[in-house]
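Remarks on the overall topology
So you can see what is in the structure, the chains are spelled out below.
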Amino acid sequence: MSKQSNEKSVILPKDVFVLNTLAMGVAIQILAKITGEEIEEWKKYVNVTASEQYRQLSSQQIQEIVNTIKDL
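Here the structure is a predicted model, which means the values were calculated and not measured. (Residues numbered from 1 in each chain as written. Predicted model: local features only at pLDDT ≥ 70, side-chain atom pairs only at ≥ 80, totals over all residues. Heavy atoms only, no water.)

**A few points about the packing of aromatic side chains**
Counted under the stated rule, the structure contains one aromatic pair. Arranged with centres 5.6 Å apart and planes meeting at 90°, the rings of tryptophan 42 and tyrosine 45 form a pair that is edge-to-face. Remark: tyrosine 45 and tryptophan 42 occur in helix H3 (residues 39-56); sequence separation between them is three residues, near one turn of the helix. Of the residues examined, tyrosine 45 reaches a relative accessible area of 49% and is grouped as partly exposed. (Phe/Tyr/Trp six-rings, centres within 6.5 Å; stacked < 30°, edge-to-face > 60°. Helix = DSSP H or I, 4+ residues; strand = E, 2+ residues; numbered from the N terminus. Buried < 20%, exposed > 50% of the residue type's maximum accessible area, 1.4 Å probe, protein only.)

Structure below.
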């Protein structure tokens, strides 16, 4: 695997990936229930907001997040 490719990929244990995915789904379900908004609207909002935040992160900040998740 090339260094460039390696910097764009992260390998997480399956349980960490699934738990994080489920946690996001639960959080969105709770938000939809509390606000009365559709789940799809919350999914779109979370995706757009997370994408905006990601674009603002430095390479170092991204690596710190990756390291934190890999240590779970």
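Right, picking up where we left off after that structure.
**Description of helix H2 (residues 14-35)**
The end-to-end C-alpha separation of H2 is 32 Å, in line with the 32 Å expected for 22 residues at 1.5 Å each. Within H2 the residues assigned to the buried category are Val16, Ile28 and Ala32. Buried residues of H2 fall within an arc of 140° about the axis and therefore sit on the same side. Among the exposed residues of H2, those oriented more than 90 degrees off its buried face are Lys14, Leu19, Leu22, Lys33 and Ile34. Packing partners of the buried residues in H2 comprise H3 and helix H4 (59-70). A positive backbone phi angle near 80° is found at glycine 36, which sits one or two residues after H2. (Expected span 1.5 Å × (residues − 1). Arc of directions from axis to C-beta. Contact = heavy atoms within 4.5 Å.)

**Quick word on the pattern of salt bridges**
Two side chains bearing opposite charge may form a pair once their charged atoms approach each other closely. Within this structure, the stated rule accounts for two salt bridges. Two residues, glutamate 40 and lysine 43, come together in a salt bridge whose shortest N-O distance is 3.3 Å. Placement of both glutamate 40 and lysine 43 in helix H3 is noted, with a separation of three residues, approximately one turn of the helix. Here lysine 43 falls in the partly exposed class, since its relative accessible area comes to 41%. (Salt bridge = Lys/Arg side-chain N within 4 Å of Asp/Glu carboxyl O.)

**Re the environment of isoleucine 69**
Among the secondary structure elements, isoleucine 69 is positioned in helix H4. Each C-alpha atom, one on isoleucine 69 and one on glutamine 53, is 17 Å from the other, the two residues being 16 residues apart in sequence. If near-sequence neighbours (up to four positions away) are discounted, isoleucine 69 is found in contact with Leu12 and Val16.

**Observations regarding the layout of surface pockets**
In this structure, the largest pocket occupies an estimated 530 Å³ of space. Around the largest pocket sit 15 residues that line it, and Leu12, Asn20, Tyr54, Ile65 and Ile69 are the ones nearest its centre. Elements represented by at least two residues in the lining of the largest pocket include exactly H2, H3 and H4. The residue makeup of the lining of the largest pocket, split by class, is twelve nonpolar, three polar and no charged. (1 Å grid on protein atoms, 1.4 Å probe; cavity = no way out; pocket = protein on both sides within 12 Å on 5 of 7 lines; lining within 4 Å. Points joined across faces, edges and corners; volume = space filled by probe spheres on them. Nonpolar A, V, L, I, M, F, W, Y, C, P; charged D, E, K, R; others polar.)

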